[in-house]
Amino acid sequence: MTPLAFDARHLWHPYTNVAKPGPMHLIAEAEGVWLTRDDGVRMIDAMSSWWCAIHGHRHPAITSAMAEQLGRMPHVMFGGLTHTPAIELGRKLVAMLPEGLDRIFYCDSGSVSVEVALKMAVQYHKARGRDAKVGFATIRGGYHGDTWKAMSVCDPVNGMHGLFRGALSIQHFVPRPPVAFGAPWPEDPAQNGLAALAQLLAEQGEKIAALILEPVVQGAGGMYFYHPEWLRGARALCDAHDVLVIFDEIATGFGRTGEMFAMDHAGIAPDILCLGKALTGGHISFAATVATAEVAHTIGDSAAGVFMHGPTYMANPLACAAGCASLGLLEAGAWRGQVAAIAQQMQAELAPARDLPGVADVRVLGAIGVIEMATPVDPSIAHRLAPETGVWLRPFARNIYAMPPYTITPEELRRVTSAMVALAGGAA
Ligand SMILES: *Cc1c(COP(=O)(O)O)cnc(C)c1O
């Protein structure tokens with residue numbers, strides 16, 4: 001059996017039919033923005049391997065930090081033991097996060113960091129005798145991961161988990177913020193969408209532990225960019241109803257939207273923050289849930305005292321070393337100019353797609369470029385074209401999108417945008 005035949009028969013791939021998996025590229029090597037197939041065919045990773053590889057693949061600063069750590073200590077348990085990579089990564093995170101958001105819980109993946117955040121919120125309210133606060137509020141169009149509680153706060157219709165309705169806890173949904181990023185902000189709450197949240201919290205606030213959402217950019221739920229002012233209003237409403245705010249910055253964190261964090265567009269901070277994906281620059285799975293001292297100490301001073309979560313591979317030293325190196329690259333600061341240049345070039349080069357039949361919208365924010373079609377796009381076309389165009393795209397639903405590594409050159413980015421426009425032209 002060839003390697004690809006074995007793969008097709010025995011290996012599950014994400015959101016893929018295991019009985020009819022379709023074509024697959026066998027990738028032998030990744031470096032910078034380039035993926036190289038086993039037969040030598042090269043493609044630009046316009047997806048940053050699902051938002052992660054912000055500095056490109058196999059960045060020497062990250063791989064050498066990991067190699068050094070591998071030679072010293074790949075892993076030890078985090079219960080009762082600690083290590084320099086965890087401490088150094090913590091220092092860097094505390095320095096770059098908003099003041100007050102500084103109690104860090106390391107975990108394995110984005111979905112787990114969301115589970116941890118939701119559990120923290122419930123345990124916080126229990127510690128204060130608010131036992132009824134076990135539900136969650138969120139906005140439609142969100143995506144927060146594939147584990148059970150995270151699934152329950154994904155969009156119930158388009159959130160990829162509609163199949164599990166009935167098995168998921170019922171949460172409280174309000175419409176997604178209706179005012180787009182960059183559009184004028186109407187003060188009338190009925191128009192700006194805050195009225196729906198105000199009504200929900202007035203009616204159900206007693207039973208709601210937290211509002212969870214992706215600030216400014218909804219990723220896997222539809223690549224939608226909304227007005228940051230909505231977040232400021234939501235923060236105030238939650239404070240008035242004793243509801244915690246959880247920001248899921250797993251996709252948006254670390255410069256992707258043009259600011260270090262998407263919440264920086266609004267100038268506000270949540271009570272609990274989820275980080276993942278680009279935390280290690282796409283080199284190894286890792287995530288973190290960061291809480292305020294108020295949340296951490298309320299849990300700590302309660303009868304239960306301890307927070308009831310502790311993954312086996314918590315604070316894995318290899319992942320922490322990768323995280324330190326990736327954050328070190330961000331600290332050097334080149335990302336801001338790189339992301340701004342990518343945004344400007346994508347604005348200019350995706351604009352012609354607006355005139356193509358079947359294109360519903362074209363939008364760019366930071367290093368995220370989206371061509372939204374009127375009807376769903378068949379991802380297998382992009383898959384088949386990739387070796388020809390030299391660009392790896394993986395459209396989902398109606399969106400042809402790219403979020404390339406920040407290190408992509410203008411020539412490479414031109415290849416990405418022309419592949420996107422060509423796909424939009426052919427897919428119509
Ligand atoms: C990817 C993603 C997650 C889930 O992260 P995993 O590492 O895949 O578990 C959660 N929230 C958002 C916003 C994401 O983009």
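This write-up is about the structure you can find in this document. (Residues numbered from 1 in each chain as written. Predicted model: local features only at pLDDT ≥ 70, side-chain atom pairs only at ≥ 80, totals over all residues. Heavy atoms only, no water.)

One non-glycine residue, Ser48, lies in the positive phi region at around 50°. Tracing the backbone through its elements, the reader meets Ser48 in helix 2 (residues 48-51). At Trp51, a position not held by glycine, the phi torsion is positive, near 70°. With respect to the element layout, Trp51 can be found in helix 2. Residue classification places Trp51 among the buried residues on the basis of a relative accessible area of 6%. (Helix = DSSP H or I, 4+ residues; strand = E, 2+ residues; numbered from the N terminus. Buried < 20%, exposed > 50% of the residue type's maximum accessible area, 1.4 Å probe, protein only.)

The subject of this paragraph is a nonpolar patch on the surface. Taken together, Met1, Phe6 and Leu11 make up a surface patch of nonpolar side chains, about 330 Å² in accessible area. Considering the arrangement of structural elements, one finds Met1 in the segment before helix 1 (3-10). Accessibility expressed as a relative area gives 69% for Met1, which makes it exposed. (Patch = residues over 30% accessible without salt bridge, like charges linked within 9 Å, V, L, I, M, F, W, Y side chains within 5 Å. Areas by Shrake-Rupley, 256 points an atom, 1.4 Å probe, with all protein chains shown as cover. Salt bridge = Lys/Arg side-chain N within 4 Å of Asp/Glu carboxyl O.)

On to the side chain of Glu115. When you line up the elements, Glu115 lands in helix 5 (residues 110-127). Despite being buried, Glu115 has no salt bridge partner; Lys119 is the closest side chain of opposite charge, sitting 7.2 Å away. Here the side chain of Glu115 touches Lys149 through a polar contact of 3.1 Å, landing on its backbone nitrogen. A polar contact is formed between the side chain of Glu115 and the backbone nitrogen of Ala150, at a distance of 3.0 Å. Excluding anything up to four places from it in sequence, Glu115 contacts Thr147, Trp148, Lys149 and Ala150. (Lys, Arg positive; Asp, Glu negative; His and termini not counted. Polar contact = N/O pair within 3.5 Å; in protein donor to acceptor, adjacent residues only side chain to side chain. Contact = heavy atoms within 4.5 Å.)

One open sheet holds the 3 strands; their spatial order is 13-14-16, and the pairing between them is antiparallel. Unpaired on one side and paired on the other, strand 13 (359-365) and strand 16 (399-402) mark the two borders of the sheet. Ignoring strand direction, the axes of neighbouring strands in this sheet form an average angle of 10°. With 6 bridges connecting them, strand 13 and strand 14 (residues 368-373) associate as antiparallel partners. Each bridged residue has a counterpart across the sheet, and for Val359 the counterpart in strand 14 is Met373. (Pairing = 2+ DSSP bridges. Axes fitted to C-alpha atoms, helices over the stretch in contact; angles between N-to-C directions.)

Moving on, we come to the packing of helix 8 (residues 194-204) against helix 9 (residues 228-240). For any two helices packed against each other, one specifies the inter-axial angle together with the distance between the axes. Direction vectors running N to C along helix 8 and helix 9 enclose 15°, while the axes themselves pass 10 Å from each other. With respect to their mutual orientation, helix 8 and helix 9 come out roughly parallel. For the element pair helix 8 and helix 9, the recorded crossing hand is right-handed. Note on element contacts: helix 9 touches helix 8 through Trp230, Gly233, Ala234, Leu237 and Cys238, opposite Leu194, Leu197, Ala198 and Leu201. (Parallel < 35°, antiparallel > 145°, perpendicular 65-115°, else oblique. Left-handed = near helix turned anticlockwise from the far one by under 90°.)

Within strand 12 (residues 287-292), 6 of the 6 residues are buried, which leaves it mostly tucked inside the rest of the structure. Residues of strand 12 alternate between two faces, with Ala287, Thr289 and Ala291 on one and Ala288, Val290 and Thr292 on the opposite face, all of them buried. Bridge analysis of strand 4 (residues 101-107) against strand 12 gives 6 bridges, and the strand direction is antiparallel. Bridge pairing in strand 12 links Ile104 to Val290. With 4 bridges joining them, strand 11 (residues 272-275) and strand 12 adopt antiparallel strand pairing. Bridging across to strand 12, Leu275 finds its partner in Ala288.

Treat this as a map of the structure, not an account of what it does.
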